[in-house]
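For reference, the chains in residue letters:
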Amino acid sequence: MNLLELVDHPRAKGEATLLRDKDELRAALAPLRREGSSIGLVPTMGYLHEGHLSLLRAARAECDAVVMSLFVNPTQFGPGEDLERYPRDEERDLRLAAEAGADYVYAPPVAAVYPEGFATSVAVDGQLTGVLDGDPQRRGPEHFHGVTTVVAKLFNTVGPDVAYFGQKDAQQATVIRRMARDLDFPLRIEVLPIVREPDGLAMSSRNAYLDEEARRRAVALSAALRAAETVSRSKGLAAGIDAGRAELRSAGIEPEYLEARDPDDLSPVTELGDRPVLIAVAAEVGSARLIDNVLVEP
Ligand code: AMP
């Protein structure tokens, strides 16, 4: 699609079609697919921020049609997690999604995604879902099984040519890439950089939980990652991780983890070498569980 077509596109002028039924969505997309249009999918749980919008804009720039899914997926929340209080504002999301270029917003009810008798799970097993957030002491592999099951369903419903995810959820991106490869989903997965607040805090819908004091302290996560990267480059990875911990400690934050891992197989890494290294952090700050990461390039 050329630029003029893009500007003339009715959706670029701020409209998006809200669909709650998968058959209606399929029916809307079928003629596009027949005429050879490319379809981009941006899966979200809503309460949109600039991170989500960056994915939508990328999809808009690269694909003929853009679908954003808006679904707070209960199966990826553990007992005692924040499913009930997860922030929601569908009206605002619709407006922002349309402005960023979404043609369709697919927001199905929970009962339609998981009808009575639902019994199937798509699970990436092993290290990819058993470490970091997948550690049974933390969110556990079930969290990722919830993610891969719903994303597989979205891939089947939408049939995108390209699906867009954020590096913010680095482990999720790794797991989804593996699922798509293992199950031969015929699509390309794009993982886009983390969008941050001016002070460095990674944008997240969960930042809405932060009170003023917690918001001030939360900046320590990105500061810790920056310190970890800088010190790793001069004094080695172990010293870098120590520097990151010190940064967190100075903000009164005890992380769930601050670890260096291989971004593809999530195996532990102890030295910087000739491959990128993922340094990832998770911590409870105030009443929000936050995650962030940096990819240290060789
Ligand atoms: P969520 O609504 O939190 O499930 O996120 C939907 C998508 O947006 C996921 O692919 C996230 O990785 C991505 N995302 C969330 N926050 C950011 C951010 N700060 N920068 C870039 N992508 C993000």
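Whatever comes next refers back to the structure up there.
Now for a look at the structure at hand. (Residues numbered from 1 in each chain as written. Predicted model: local features only at pLDDT ≥ 70, side-chain atom pairs only at ≥ 80, totals over all residues. Heavy atoms only, no water.)

## What about the site of the ligand?
Around the ligand, the surrounding shell holds 18 residues, and the nearest of these are Met 45, His 52, Asp 169, Val 195 and Met 203. Within the contact set of the ligand, an oxygen atom lies 2.8 Å away from a side-chain nitrogen or oxygen of His 52. Protein chains bury 93% of the 480 Å² of accessible surface belonging to the ligand in isolation. Of all the elements in the fold, those that place two or more residues in the shell around the ligand are strand S2 (39–44), helix H3 (50–62) and strand S5 (162–166). If one sorts the elements of the shell around the ligand by residue count, H3 sits on top with 3 residues. Taken together, the residues of the shell around the ligand sort by class into 9 nonpolar, 7 polar and 2 charged. (Near = heavy atom within 4 Å. Polar contact = N/O pair within 3.5 Å; in protein donor to acceptor, adjacent residues only side chain to side chain. Areas by Shrake-Rupley, 256 points an atom, 1.4 Å probe, with all protein chains shown as cover. Helix = DSSP H or I, 4+ residues; strand = E, 2+ residues; numbered from the N terminus. Nonpolar A, V, L, I, M, F, W, Y, C, P; charged D, E, K, R; others polar.)

## A few points about the packing of helix H2 (residues 22–34) against helix H7 (residues 141–158)
Between H2 and H7, whose axes approach to 9 Å, the crossing angle comes to 50°. When the interaxial angle is binned, H2 and H7 end up oblique. On the side of H2, the interface is formed by Lys 22, Leu 25, Arg 26, Leu 29 and Arg 33, while H7 contributes Asn 156, Thr 157 and Val 158. Taken together, the residues of the contact of H2 with H7 sort by class into 3 nonpolar, 2 polar and 3 charged. (Axes fitted to C-alpha atoms, helices over the stretch in contact; angles between N-to-C directions. Parallel < 35°, antiparallel > 145°, perpendicular 65-115°, else oblique. Contact = heavy atoms within 4.5 Å.)

## A look at the sheet that holds S2
Strand order in this open sheet of 6 strands is S1-S4-S3-S2-S5-S6, and the pairing throughout is parallel. Each edge of the sheet is formed by a strand with only one pairing partner; in this case those strands are strand S1 (17–19) and strand S6 (188–192). Looking at each pair of strands side by side, their axes are set apart by 25° on average, direction ignored. As paired elements, S5 and S6 share 5 bridges and run parallel to each other. (Pairing = 2+ DSSP bridges.)

## Section: the pattern of salt bridges
Taken as a whole, this structure holds 20 salt bridges when the rule is applied. Measuring nitrogen to oxygen at the nearest pair gives 3.9 Å for the salt bridge that ties Arg 217 to Glu 213. Highlighted residues: Arg 217 and Glu 213, both in helix H9 (residues 212–235), separated by 4 residues, approximately one helical turn. Residue classification places Arg 217 among the partly exposed positions, given a relative accessible area of 21%. The network of salt bridges with common partners includes Glu 62, Arg 188 and Glu 190. (Salt bridge = Lys/Arg side-chain N within 4 Å of Asp/Glu carboxyl O. Buried < 20%, exposed > 50% of the residue type's maximum accessible area, 1.4 Å probe, protein only.)

## Considerations on the pairing of S2
Across the 6 residues that make up S2, a large majority, 6, are buried. Bridging between S2 and strand S3 (residues 65–70) involves 6 bridges; their strand directions are parallel. Residue pairing for S3: Leu 41 is matched across the bridge by Val 67. For the crossover that starts at S2, traverses H3 and ends in the parallel S3, the hand is right-handed. Here 2 bridges tie S2 to S5, and the two strands are oriented parallel to one another. In the strand pairing of S5, Leu 41 is matched with Ala 163. (Right-handed = clockwise from strand over helix to strand, strands pointing away.)

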